[in-house]
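A closer look at the structure
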Amino acid sequence: MQQADNGGEEAAPVDVQFTDLPDALVACKVAEDLFNEERLKAGFEALFRSFDSEVQFQYFKSFRRIRISFRDALAAAEARLRLHKTDFNGKEMRLYFAQSVHIGSPRLEPPKPEKQFLISPPASPPVGWEQAQDATPVINYDLLCAISKLGPGGKYELHTATPTTPSVVVHVCDDERGDSSAPDDSDQDDKPRPPRPKIIQTRRPDYTPRVEQ
């Protein structure tokens, strides 16, 4: 289409593109008689065939709507401009452009997880999360040195007694075999096993009344 200024000076022609407009119209609130009588259908279709001889009609009786599909958007725009809110069979005819829905994928995609971080516990780690490396285990060399000095028959005080707590003393069991070397399997079968040493219970410290709880 071209548009010119009505003033004294002629303006340059302006081209209007109809590529973004839909090429179909929807007639709403159609009378129910139009779906049943062929005479009314023929008169209704004749109104739109004057704009496009190859126009197609789709009748939706349950919704009382009719979809009118044209070959191009220009014919659809002209038909709506001339026939919108006009009288047909005693009732006002309302025409609207059909909304085109663009579906990029043939399958229905899940919604975007905009509020997925509210799920507890989260289904996936947050953005930027990295797994922390395990720290190197701490080796207490003083403890290993003290254990290596333990010998059979000795006793070692681990914790000194205080007025409120007892001392902790470790008694190392004597070696009943008399030889620290590991015996062979043949000697182990011939010699009887020594009896297990009796575990001596730790004596409870004496109660002193002057100790305040």
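The rules we used
Residues numbered from 1 in each chain as written. Predicted model: local features only at pLDDT ≥ 70, side-chain atom pairs only at ≥ 80, totals over all residues. Heavy atoms only, no water. Helix = DSSP H or I, 4+ residues; strand = E, 2+ residues; numbered from the N terminus. Expected span 1.5 Å × (residues − 1). Buried < 20%, exposed > 50% of the residue type's maximum accessible area, 1.4 Å probe, protein only. Arc of directions from axis to C-beta. Pairing = 2+ DSSP bridges. Axes fitted to C-alpha atoms, helices over the stretch in contact; angles between N-to-C directions. Contact = heavy atoms within 4.5 Å. 1 Å grid on protein atoms, 1.4 Å probe; cavity = no way out; pocket = protein on both sides within 12 Å on 5 of 7 lines; lining within 4 Å. Points joined across faces, edges and corners; volume = space filled by probe spheres on them. Nonpolar A, V, L, I, M, F, W, Y, C, P; charged D, E, K, R; others polar. Patch = residues over 30% accessible without salt bridge, like charges linked within 9 Å, V, L, I, M, F, W, Y side chains within 5 Å. Areas by Shrake-Rupley, 256 points an atom, 1.4 Å probe, with all protein chains shown as cover. Salt bridge = Lys/Arg side-chain N within 4 Å of Asp/Glu carboxyl O. Lys, Arg positive; Asp, Glu negative; His and termini not counted.

Details of helix 2 (residues 38-49)
- Here helix 2 spans 16 Å end to end across twelve residues, near enough to the 16 Å set by a 1.5 Å rise per residue.
- What helix 2 keeps buried is the set Leu-40, Lys-41, Phe-44, Glu-45 and Phe-48. Across the axial projection of helix 2, the buried residues extend over an arc of 125°, all falling on one side.

A word on unusual backbone geometry
- Here the phi dihedral of Arg-64 falls at roughly 60°; this positive angle occurs in a residue that is not glycine.
- Looking at the element boundaries, Arg-64 is found in the loop between strand 2 (56-60) and strand 3 (65-69).
- Its identity is not glycine, yet Asn-89 carries a phi of approximately 55°, on the positive side.
- Structurally, Asn-89 is set in the loop between strand 4 (86-88) and strand 5 (91-97).

With respect to the sheet that holds strand 5
- On the basis of which strands lie adjacent, the open sheet formed by five strands has the order 2-3-1-5-4 and antiparallel pairing. On the outer flanks of this sheet lie strand 2 and strand 4, each paired with one strand and no other. For this sheet, the mean angle separating the axes of adjacent strands, direction not counted, is 30°.
- In this fold helix 2 packs onto strand 1 (24-28), strand 2, strand 3, strand 4 and strand 5, with an angle of close to 135° to the strand it touches most, strand 2.
- Packing of helix 3 (residues 73-83) onto the sheet brings it into contact with strand 1, strand 4 and strand 5, and relative to strand 5 it is tilted by some 150°.

Thoughts on empty space enclosed by the protein
- Taken as a whole and judged by the stated rule, the model has one cavity of 30 Å³ or more.
- Space inside the largest cavity adds up to approximately 140 Å³.
- If you go around the largest cavity, you meet 14 residues; those closest to its centre are Lys-29, Val-30, Ala-31, Phe-88 and Glu-92.
- Broken down by secondary-structure element, the contributors of at least two residues to the lining of the largest cavity are strand 1, helix 2 and strand 5.
- If you tally residues by element for the lining of the largest cavity, the top one is strand 5, at four residues.
- Of the residues assigned to the lining of the largest cavity, the class counts are nine nonpolar, one polar and four charged.

Some words on a nonpolar patch on the surface
- A surface patch of nonpolar side chains, amounting to about 350 Å² of accessible area, comprises Ile-139, Tyr-141 and Leu-144.
- Along the polypeptide, Ile-139 turns up in the loop between strand 5 and helix 4 (141-148).

Observations regarding the side chain of Lys-41
- Looking at the element boundaries, Lys-41 is found in helix 2.
- The side chain of Lys-41 is buried and forms no salt bridge, while Glu-38, the nearest opposite charge, is found at 4.3 Å.
- Not counting the four nearest positions on each side in its chain, Lys-41 is found in contact with Leu-34, Phe-35 and Tyr-59.

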